[in-house]
Amino acid sequence: MKTLYDVQQLLKQFGIYVYIGKRLWDVEVMALELDHLRQARVVDDKTFVQAKIVLTHEHRLEEQRAKIKHQSIGGI
C-alpha cells in the first residue's frame, strides 16, 4: 500500500466511500474509518500500519499545500 488510492480501495472493500469535498478532510475521515476497522479487528496490523503511514503522509502534504496557498494569498 503506497498511495491514497490504495487506502481508498481498502476502505471500499468494507463498503466505505469517503468524499467530503476537501482533500484534507477526506484524509482525516479515512483515518477515522481505518481506526474503526482496526478496532473491529477486520484489518490486520501490517495493513493498518501501511495505510496509516500513507494517510499521515498525505495529511502532511495537504497541510503544506494549504500553508503555501495561504502565504501566496497573504503576500498579494
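What comes next concerns the included structure.

Cut-offs applied
- Residues numbered from 1 in each chain as written.
- Predicted model: local features only at pLDDT ≥ 70, side-chain atom pairs only at ≥ 80, totals over all residues.
- Heavy atoms only, no water.
- Helix = DSSP H or I, 4+ residues; strand = E, 2+ residues; numbered from the N terminus.
- Buried < 20%, exposed > 50% of the residue type's maximum accessible area, 1.4 Å probe, protein only.
- Contact = heavy atoms within 4.5 Å.
- Areas by Shrake-Rupley, 256 points an atom, 1.4 Å probe, with all protein chains shown as cover.
- Lys, Arg positive; Asp, Glu negative; His and termini not counted.
- Charge placed at Lys NZ, Arg CZ, Asp CG, Glu CD.
- Core = buried A, V, L, I, M, F, W, Y, C linked by side-chain atoms within 4.5 Å.
- Salt bridge = Lys/Arg side-chain N within 4 Å of Asp/Glu carboxyl O.

Focus on the overall build of the chain
In terms of helices and strands, the chain carries three helices and zero strands. By residue count, 29% of the 76 residues in the chain fall in the buried class. Pairs at least 24 residues apart make up 53% of the contacts formed inside the chain by residues separated by at least 6 positions. Within the structure as shown, the chain displays about 5600 Å² of accessible surface, and the carbon and sulfur contribution to it stands at 55%. Charged side chains in the chain number 12 positive and 10 negative. The centres of these two groups are separated by 3 Å.

What about unusual backbone geometry?
Even without a glycine there, the phi angle at R41 is positive, about 60°. The topology assignment puts R41 in the loop between α2 (23-39) and α3 (45-74).

Some words on the nonpolar core
Counting residues in each nonpolar core, the largest one holds 16 residues, and the members touching the most others are V7, L11, M30, L34 and L55. Listing elements by their share of this core, those giving two or more residues are α1 (4-13), α2 and α3. If one sorts the elements of this core by residue count, α2 sits on top with five residues. Excluding residues within four positions of it along the chain, L55 makes contact with L4, V7, V27, M30, A31 and L34.

Describing the side chain of H59
Here H59 lies in helix α3. With near-sequence residues (within four places) excluded, H59 lies in contact with L24, V27 and E28.

Topic: the pattern of salt bridges
With the rule as written, the count across this model stands at five salt bridges. When the shortest N-O distance is used, the salt bridge between R38 and D45 registers 2.3 Å. Taking relative accessible area as the criterion, R38 reaches 23% and is therefore assigned partly exposed. Residue E62 is joined to R65 by a salt bridge in which the shortest nitrogen-to-oxygen separation is 2.2 Å. Note that E62 and R65 are positioned in helix α3 at a spacing of three residues, about one turn of the helix. One network of salt bridges, with partners in common, ties together R23, E58, E62 and R65.

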